[in-house]
Amino acid sequence: MDRGQIEALLNEVHEGRTPVSEALDRLRDLPFEDIGFAKLDHHRALRTGMPEVIFGAGKTPAQVAEIFSRMAQHGGNVLATRASADMFRAVRDLEPEDKDPRAQYHETARCITLSQSPIAPGKGTIAVVCAGTSDLPVAEEAVVTARLMGNTVELIADVGVAGIHRLLAQKSSLQSARVLIVCAGMEGALPTVVAGLVNAPVLAVPTSVGYGASFGGVAALLGMLNTCSPNVSVVNIDNGFGAACIASLINRL
């Protein structure tokens, strides 16, 4: 539950449209729900403005589906990251048979989403920029996350520094964004170049794309941490989700 949902429930009780006993039933799982193998933090959106998100890696399809279903019952939007097609099928199997399927699978992003609750929109556009097509899974994870959190998002793909004219052709979109997420592997130079063109925060996401000496994204991470552009902050390797959360918070300020 987020702040808006709790306010709506309290107003229903105040106006006599919802009995107190029913309201208590709907609130009984705050601040968390213990389902044995997991404890679901339904209170997180109220505390932080960001709902709890399911990290699919390491979980079984049945576990992801059960968590997803329980979170959906509370009326908010639901996101599972690093999710497989098998996990999505398990989620769909738990959806009511008499209703149209609501959960969606975003294959490139490896995310499952359920959008069922309106969210106050961000104040501007978040631009998600990626160096190469191989970086798209991380960039798409950021796109899906940011959109589910109520933001207008523009994806600018395959504009790496090896063909910098491709990036400069997007200068108008880059400079109109309120926040930018820039994903790159290899030597990780793209965020520094982008940051030199804009007067907005740039969230750099190193990806694990590259040959042997890239060390699974460590080379890009170190390059981004050593940027000479002062408007760059860096998140962890392949963490498109984390970058989208920070960008969303900035976009609401």
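No experiment lies behind these values; they were computed from the predicted model shown.

S.K.: Would you mind going over the pairing of strand β10 (residues 202–206) in detail, with residue names and values included?
M.R.: Across the five residues that make up β10, a large majority, five, are buried. Residues V202, A204 and P206 line one face of β10 and the alternating positions L203 and V205 line the opposite face, and both faces are buried. With five bridges connecting them, strand β9 (residues 179–184) and β10 associate as parallel partners. Counterpart to C183 in the pairing with β10 is V205. Sheet topology places β10 next to strand β11 (residues 232–234); three bridges connect them, and they run parallel. Within the sheet, the bridge partner assigned to A204 lies in β11 and is V234. Handedness of the crossover is the feature at issue here: the chain leaves β10, passes through helix α10 (residues 218–225), returns alongside β11, and the resulting connection is right-handed.

S.K.: Could you give an account of the sheet that holds strand β3 (residues 54–55), naming the residues involved and the relevant values?
M.R.: The sheet built from four strands is open, its strands ordered β3-β4-β6-β5 with mixed pairing. In this open sheet, the two edge strands, each paired with only one partner strand, are β3 and β5 (104–106). Note that β3 and strand β4 (residues 78–81) share two bridges and pair parallel. Looking at the pairing, F55 lines up with T81 of β4.

S.K.: Which residues make up the packing of aromatic side chains, and what values go with them?
M.R.: One pass over the structure, following the stated rule, counts one aromatic pair. Taking 5.5 Å as the distance between ring centres and 20° as the angle between the ring planes, the aromatic pair formed by F88 and Y105 counts as stacked. A residue pair is termed long-range when its members are at least 10 positions apart, and F88 in helix α5 (residues 85–93) and Y105 in strand β5 qualify at 17 residues. Of the residues examined, F88 reaches a relative accessible area of 14% and is grouped as buried.

S.K.: Can you break down the sheet that holds β10 residue by residue, with the values?
M.R.: Strand order across the open sheet formed by five strands is β8-β7-β9-β10-β11, with parallel pairing between neighbours. Two strands lie at the open edges of the sheet, namely β8 (152–156) and β11, each paired on one side alone. For this sheet, the mean inter-axis angle between neighbouring strands, taken without regard to orientation, is 25°. With five bridges connecting them, strand β7 (residues 125–130) and β8 associate as parallel partners. Residue pairing across strands places I126 opposite V153, the latter belonging to β8. On the sheet, α10 packs against β9, β10 and β11 and is oriented at approximately 155° with respect to β10.

Conventions and cut-offs
- The numbering scheme is per chain: residues are counted from 1 as the chain's sequence reads.
- Since the coordinates come from a predicted model, pLDDT governs what is reported: local features require at least 70, and pairs of side-chain atoms require 80 or more to be given and counted, while whole-chain, interface and lining totals use all residues.
- The side-chain values count all of the structure's non-hydrogen atoms but skip hydrogen atoms and water molecules.
- Exposed residues in this analysis have more than 50% of their type's maximum accessible area, buried residues have under 20%, and partly exposed residues fall in between, with area computed by a 1.4 Å probe over protein chains only.
- Each helix is a run of DSSP H or I of at least 4 residues and each strand a run of E of at least 2, with the numbering of both proceeding from the N terminus.
- One bridge is not enough; two strands pair if DSSP finds at least two bridges between them.
- Assignment of crossover handedness uses the view with strands pointing away from the viewer, where a clockwise path from the first strand over the helix to the second indicates a right-handed crossover.
- Aromatic rings from Phe, Tyr and Trp, with only the six-membered ring used for Trp, were paired whenever their centres fell within 6.5 Å, and each pair was classed as stacked if the ring planes differed by under 30 degrees, edge-to-face if by over 60, and tilted otherwise.
- In this analysis, axes come from line fits to C-alpha atoms, helices being fitted only over the stretch in contact, and the angle between any two N-to-C directions falls in the range 0 to 180 degrees.
- Only heavy atoms enter the contact rule, under which two residues are in contact if any of them lie within 4.5 Å.

The values are spatial; any link to function lies outside them.
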